[in-house]
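Residues per chain are reported as follows:
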Amino acid sequence: MSSAGLFRAMEPSYRFDTIESDVQRRWADADAFRVVADDREKFYCLSMFPYPSGKLHMGHVRNYTIGDVISRYHRMCGRNVLQPMGWDAFGLPAENAAIKNGVPPAQWTRENIAAMRGQLKQLGFAYDWSREIATCDPDYYRWEQWLFTKLFEQGLVYRRESVVNWDPVDQTVLANEQVVDGRGWRSGAIVEQRAIPQWFARITDYADELLDDLDGLDGWPDAVKTMQANWIGRSTGLEIDFDVAGQDTPLTVYTTRPDTLHGVTYMALAADHPLVAAAADTDAELAAFCEECRRAGTAEAGLETRDKKGYRLPIEAVHPLSGARLPIFVANFVLMGYGTGAVMSVPGHDQRDWEFATAYDLPIVPVIADAEGNTPDISSAAAVEKGVLINSGEDDGKTFEQAFGDIADRLEARGTARRKTQYRLRDWGLSRQRYWGAPIPIIHCDDCGPVAVPESDLPVVLPENVTPEGAGSPLPDMPEFVNCTCPQCGRDARRETDTFDTFMESSWYFARFTCPDADSMIDDRAHYWMPVDQYVGGIEHAILHLLYARFFQKLMRDVGLARADEPFKALLTQGMVLKDGAKMSKSKGNTVDPQALIETYGADTVRLFSMFAAPPDQSLEWSESGVEGAHRFLNRLWRLVATHVDNGLVAPATGAEGEAAAELRRKTHETIAKVGDDVGRRHTFNTAIAAVMELANAIGRVEETCDAETQAVRQESLEAIIKMLAPIAPHICDALWRALGHDTLVMAEAWPVAEAAAQVRESITLVVQVNGKVRARIDVPADADRDTVARTAVEDVNVARHIDGQPIKKTIVVPGKLVNLVV
RNA sequence: GCCCGGGUGGCGGAACUGGUAGACGCGUCGGACUCAAAAUCCGAUUCUGGUGACAGAGUGCGAGUUCGAGUCUCGCCCCGGGCACCA
């Protein structure tokens with residue numbers, strides 16, 4: 001409880017620099033953010049850890065402020081809050097920087113980490129730094145190597161050939177990002193597609209669970225769940241064998257629309273399909289076409305947008321129902337990696353098939369009626385809606401479901417088709433031909449094949465005193481790394497030189513944070529903290545990172561380490577930070593350095609602006625004058641408290657009799673109710689701040705020289721404001737909390753509780769509409785019944801003018817909101 | 001191309017479950033304080049007409065449902081995210 005005895009004279013102006021360093025020192029002295037499991041309700045709040053690119057950008061500031069506000073709010077609500085931070089330290093930029101500056105990636109990365117850690121501390125985020133993780137630390141990545149070897153034993157990882165972007169000049173593999181218009185970004189050479197052996201994880205084995213468990217993720221945005229569901233893309237269809245004239249092996253396709261089988265007029269194959277390879281041996285033109293298809297790359301966007309091209313093969317397929325001969329094409333939009341690498345083409349009812357058929361003058365047969373039951377118009381586009389079958393012989397008149405069932409039954413009886421559930425999701429390629437990543441713990445032996453590195457030999461440590469100079473990973477050229485002996489037979493062998501996809505590290509760090517010093521991948525402490533209660537990060541991670549992390553959680557569960565089925569109970573996807581309507585990027589030259597802002601305005605201002613400018617899930621438009629506005633508000637708040645303190649500290653009010661005091665008290669408790677809901681449930685920090693600003697404005701309007709009761713209510717209001725703003729602007733609030741006569745840290749205070757009694761209103765204002773247009777506002781008692789409200793409404797002069805003596809046909813009363821009179 | 005978002009004053013945004021469009025902040029204009037400026041404080045500020053009370057229009061475009069639509073439905077346009085080796 002406050003008392004005049006604790007009065008300290010306040011600095012008349014807001015000195016953010018001394019306040020922020022002073023408050024941060026107090027937190028450090030109290031070791032305020034270190035947590036261990038106890039018997040309180042836990043709350044694990046996690047923001048996506050950053051790639052240590054050099055310094056923080058505004059996207060980081062926004063992301064981490066959101067997480068910090070949620071963490072501090074839950075802490076004030078009495079929960080045991082874990083909020084850790086670490087570094088997603090492997091990745092391509094470190095290698096690019098090494099080539100450019102001649103600095104080893106390890107050194108570059110660790111220097112960046114040190115710089116960014118300093119910035120995070122300056123921003124005052126409430127992290128338990130004792131749990132800090134850097135994924136390039138062998139003590140971290142050894143455990144994903146360990147898990148990989150377990151999965152290898154179980155057959156959940158496997159090796160197969162897969163294509164990569166090959167730069168023939170730099171003699172290196174390129175990321176998709178490094179391929180610009182089909183050319184290598186550095187060399188400018190035309191990029192080739194090369195098949196090389198690579199490691200894959202069988203995420204498709206978990207496709208059903210990954211899809212079905214989305215239903216239980218109530219705390220996730222529907223948009224993200226929909227994106228993941230579409231990505232997994234479970235479909236039920238039919239795998240159909242088409243005989244190839246003159247050959248023994250049939251051509252197998254998968255289709256989700258067997259009802260359109262009667263409309264198949266040709267077949268399309270991937271360039272890498274075995275049937276094509278055979279034909280290409282004797283046809284140079286075909287071989288050239290296949291080469292062109294391969295060069296075009298495998299990115300789905302390119303696949304779907306490029307001009308549809310084909311090459312007719314000298315063989316024909318046999319329609320399984322009609323026996324008709326169907327031409328077979330190689331097509332540049334069919335990929336061997338998807339389904340069977342072959343599709344049956346129904347140009348009447350598939351738009352892509354329609355475009356191809358039109359270009360190559362192939363027959364287009366409508367076999368599905370339109371909504372009116374007529375032959376559909378397919379002159380300018382395919383008719384893709386489902387409907388009743390026509391031109392389909394014995395299947396005419398059937399619905400989609402009937403036709404699917406009947407055709408599947410007939411073909412299955414003949415042994416030429418099988419019902420099949422298929423996924424769009426493909427297995428996860430884990431191999432990267434790069435240096436700066438976690439080594440894949442495999443040893444290649446001429447006799448034993450690929451052998452997992454034994455647990456006792458883990459980790460396989462990445463040599464760090466290395467500076468790549470371009471032209472790919474230096475690891476294959478390092479005999480001291482490559483040469484080893486086979487763990488099975490003891491003969492000379494070669495170490496795998498590919499490293500892991502960096503999504504590996506980010507797929508389990510959330511679990512490691514619960515027990516960063518565990519001498520296993522994770523230990524029992526994970527059972528207390530997991531799952532993450534609130535995960536915060538960019539919407540750009542909606543699919544890949546979040547899907548891989550969910551997959552890893554299930555893998556860790558199935559090897560007996562974890563209990564939770566899902567890693568993230570609730571997810572908040574943050575929007576982008578824009579300037580002049582575009583994403584901030586170095587190439588556009590429209591970046592804003594948060595460091596300069598912190599120095600000019602202080603961390604609290606930067607945090608306040610980030611939270612005020614937009615709701616967290618929407619993009620945020622950068623505004624320098626908006627930052628000044630946020631700073632101005634903190635100044636105003638400082639003066640408001642200083643003026644109040646000058647009048648003498650009092651105990652906060654617990655009730656009020658006078659009209660002005662009761663009014664301010666009602667506003668205070670209405671604001672507490674709104675801000676608690678905005679911060680705790682809706683995560684709309686912008687509206688929470690607006691509400692606090694309104695309350696501050698209301699306090700400012702109250703006469704400065706006032707009675708003891710009003711002074712007490714003002715004390716109550718200011719204390720509420722400071723507690724509610726403490727998660728957002730923690731430094732200034734801590735200083736103001738002390739100025740108001742307290743010795744505690746404001747972050748240790750309980751979140752304010754809204755009193756229902758203080759919010760009671762005697763009369764309310766209703767809107768009166770005539771035929772849906774607002775014509776007046778009326779004051780009625782809060783408990784007025786419908787008749788009273790309706791009677792008061794028609795008595796209004798302006799309302800009466802618009803009714804103009806006409807009979808009222810209908811009166812709609814929405815309690816507490818409006819009256820609509822229909823005449 | 002496909003999947004997922006978004007579009008509201010001069011600007012960022014608010015309107016949560018179909019019920020007062022524009023809270024809060026920025027900017028601008030006017031005023032107070034000052035020798036003056038900065039800072040601060042007060043007032044005005046969607047557009048059009050009107051001294052005014054008030055009236056009309058208005059949430060990307062075009063239809064529709066409803067007593068009532070920024071919100072729901074259908075069809076478009078534009079912007080952003082993702083598309084499997086950027087993280």
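Remember, it's a predicted structure, so these values are computed and weren't measured experimentally. (Residues numbered from 1 in each chain as written. Chains lettered and ligands numbered in written order. Predicted model: local features only at pLDDT ≥ 70, side-chain atom pairs only at ≥ 80, totals over all residues. Heavy atoms only, no water.)

A word on the overall build of chain A
Step number 1: Broken down by element type, chain A carries 25 helices and 32 strands.
Step number 2: Expressed along its principal axes, the backbone C-alpha trace of chain A runs to roughly 105 × 85 × 50 Å.
Step number 3: Out of the 823 residues belonging to chain A, those deemed buried represent 53%.
Step number 4: Put simply, 72% of the contacts in chain A that link residues at least 6 apart link residues at least 24 apart.
Step number 5: Summing over all exposed atoms, chain A offers an accessible surface of approximately 35900 Å²; the carbon and sulfur share of this is 49%.
Step number 6: For chain A, the distance from the average site of its 85 positive side-chain charges to the average site of its 120 negative ones is 3 Å. (Helix = DSSP H or I, 4+ residues; strand = E, 2+ residues; numbered from the N terminus. Buried < 20%, exposed > 50% of the residue type's maximum accessible area, 1.4 Å probe, protein only. Contact = heavy atoms within 4.5 Å. Areas by Shrake-Rupley, 256 points an atom, 1.4 Å probe, with all protein chains shown as cover. Lys, Arg positive; Asp, Glu negative; His and termini not counted. Charge placed at Lys NZ, Arg CZ, Asp CG, Glu CD.)

Comments concerning the pattern of salt bridges
Step number 1: Under the counting rule described, the total for this entry stands at 59 salt bridges.
Step number 2: Glu132 serves as the salt-bridge partner of Arg117, at 2.9 Å between the closest nitrogen and oxygen. Of the two residues, Arg117 sits in helix H4 (residues 105-122) while Glu132 sits in the loop between H4 and strand S4 (133-134), which places them 15 residues apart along the sequence.
Step number 3: Judged by relative accessible area, which is 25%, Arg117 ranks as partly exposed.
Step number 4: Overall, the relative accessible area of 26% leaves Glu132 in the partly exposed class.
Step number 5: Between Arg432 and Asp501 there is a salt bridge, with its nearest N and O atoms 3.1 Å apart. You can see Arg432 sitting in strand S18 (residues 431-432) and its partner Asp501 sitting in the loop between strand S23 (499-500) and helix H14 (509-512), a full 69 residues away along the chain. (Salt bridge = Lys/Arg side-chain N within 4 Å of Asp/Glu carboxyl O.)

Let's talk about the sheet that holds strand S32 (residues 818-822)
Step number 1: An order of S30-S29-S32-S31 is seen for the four strands of this open sheet, with the pairing classed as mixed. Each edge of the open sheet carries a strand with a single partner, namely strand S30 (773-781) and strand S31 (810-814). Mean inter-strand twist for the sheet, computed between neighbouring axes without regard to direction, equals 20°.
Step number 2: In terms of strand pairing, strand S29 (residues 763-770) meets S30 through eight bridges, oriented antiparallel. Within the sheet, the bridge partner assigned to Gln769 lies in S30 and is Val774.
Step number 3: Each of S29, S30, S31 and S32 touches helix H24 (residues 786-795); the most contacted strand, S30, lies at about 125° to it. (Pairing = 2+ DSSP bridges. Axes fitted to C-alpha atoms, helices over the stretch in contact; angles between N-to-C directions.)

Details of the nonpolar core
Generally speaking, soluble globular proteins have nonpolar side chains that are buried together.
Step number 1: Ranked by internal contacts, the top residues of the largest apolar core, which has 184 residues, are Tyr44, Leu120, Trp428, Tyr509, Phe510, Met521 and Tyr535.
Step number 2: For Trp428, the contacting residues outside a window of four places in its chain are Trp199, Phe200, Ala201, Ile203, Asp501, Phe503, Met504, Ser507, Tyr548, Phe551 and Phe552.
Step number 3: In this structure, Val244, Val264, Leu326 and Ala403 belong to the second largest nonpolar core, which totals 39 residues. (Core = buried A, V, L, I, M, F, W, Y, C linked by side-chain atoms within 4.5 Å.)

Describing the confidence of the model for chain A
Step number 1: Across chain A, the average pLDDT comes to 93, with 98% of residues at or above 70.
Step number 2: Low confidence marks residues 1-7, where pLDDT is under 50. Its contacts with residues over four positions away, or in another chain, come to 17 contacts.
Step number 3: Here the prediction assigns the complex a pTM of 0.95, and the interface score ipTM is 0.96. (pLDDT = per-residue confidence, 0-100.)

Observations regarding the environment of Ala369
Step number 1: Counting through the fold element by element, Ala369 comes out in the loop between helix H11 (351-359) and helix H12 (400-414).
Step number 2: Taking the C-alpha atoms as reference, Ala369 lies 79 Å from Gly741; in sequence the two are 372 residues apart.
Step number 3: Not counting chain neighbours up to four residues away, the residues in contact with Ala369 comprise Asn374, Pro376, Gly387, Val388 and Ile390.

Focus on the sheet that holds strand S9 (residues 192-201)
Step number 1: Within the open sheet, the four strands sit side by side as S6-S5-S9-S17. Their pairing is antiparallel. Of all the strands in the sheet, the pair left with one neighbour each is strand S6 (172-174) and strand S17 (428-429).
Step number 2: Note: strand S5 (residues 157-167) against S9, 10 bridges, orientation antiparallel. Looking at S9, one finds that Tyr158 is bridged to Phe200.

Quick look at the pairing of strand S14 (residues 325-331)
Step number 1: Taken across its seven residues, S14 has six buried, putting it largely inside the fold.
Step number 2: By the bridge criterion, three bridges tie strand S12 (residues 266-269) to S14 in an arrangement that is parallel. Paired with Met267 across the bridge in S14 is Ile328.
Step number 3: Between the end of strand S13 (residues 310-318) and the start of S14, which pair antiparallel, lie six residues, with Gly323 showing a positive phi angle near 80°.

Details of the protein's contact with RNA strand B
Step number 1: Around RNA strand B sit 69 residues, and of these Asn176, Arg434, Arg777, His802 and Asn820 come closest.
Step number 2: Each atom of RNA strand B within 4 Å of the protein was classed as base or backbone; sugar and phosphate made up 63%.
Step number 3: The separation between a sugar or linking oxygen of RNA strand B and a polar side-chain atom of Glu300 is 2.7 Å.
Step number 4: Take Glu694: an N or O atom from its side chain is 2.9 Å from a sugar or linking oxygen of RNA strand B. (Near = heavy atom within 4 Å. Polar contact = N/O pair within 3.5 Å; in protein donor to acceptor, adjacent residues only side chain to side chain.)

Re the packing of helix H18 (residues 603-612) against helix H21 (residues 685-701)
Step number 1: The geometry of H18 relative to H21 is characterised by a closest axis approach of 7 Å and an angle of 110° between their N-to-C directions. With respect to H21, the axis of H18 lies roughly perpendicular. Contacts between H18 and H21 involve Leu608, Met611 and Phe612 from the former and Phe685, Asn686, Ile689, Ala690 and Met693 from the latter.
Step number 2: Partitioning the contact of H18 with H21 into residue classes produces seven nonpolar, one polar and no charged. (Parallel < 35°, antiparallel > 145°, perpendicular 65-115°, else oblique. Nonpolar A, V, L, I, M, F, W, Y, C, P; charged D, E, K, R; others polar.)

Digging into the side chain of Thr265
Step number 1: On the secondary structure map, Thr265 appears in the loop between strand S11 (251-255) and S12.
Step number 2: Polar side-chain contacts of Thr265 include one of 3.0 Å to the backbone oxygen of Pro363.
Step number 3: Not counting chain neighbours up to four residues away, the residues in contact with Thr265 comprise Leu326, Pro327, Ser345, Pro347, Pro363 and Val365.

Here we look at the packing of aromatic side chains
Step number 1: Applying the stated rule across the entire model yields 36 aromatic pairs.
Step number 2: An aromatic cluster of three or more residues is present, and its members are Phe49, Tyr509, Phe510, Phe513, Tyr535 and Phe568.
Step number 3: The residue whose ring lies beneath Arg142 is Trp143, and the NZ or CZ to ring-centre distance is 4.8 Å.
Step number 4: It is Arg160 that lies over the ring of Phe200; its NZ or CZ is 3.9 Å from the centre. (Phe/Tyr/Trp six-rings, centres within 6.5 Å; stacked < 30°, edge-to-face > 60°. Lys NZ or Arg CZ within 6 Å of the ring centre and 35° of its normal.)

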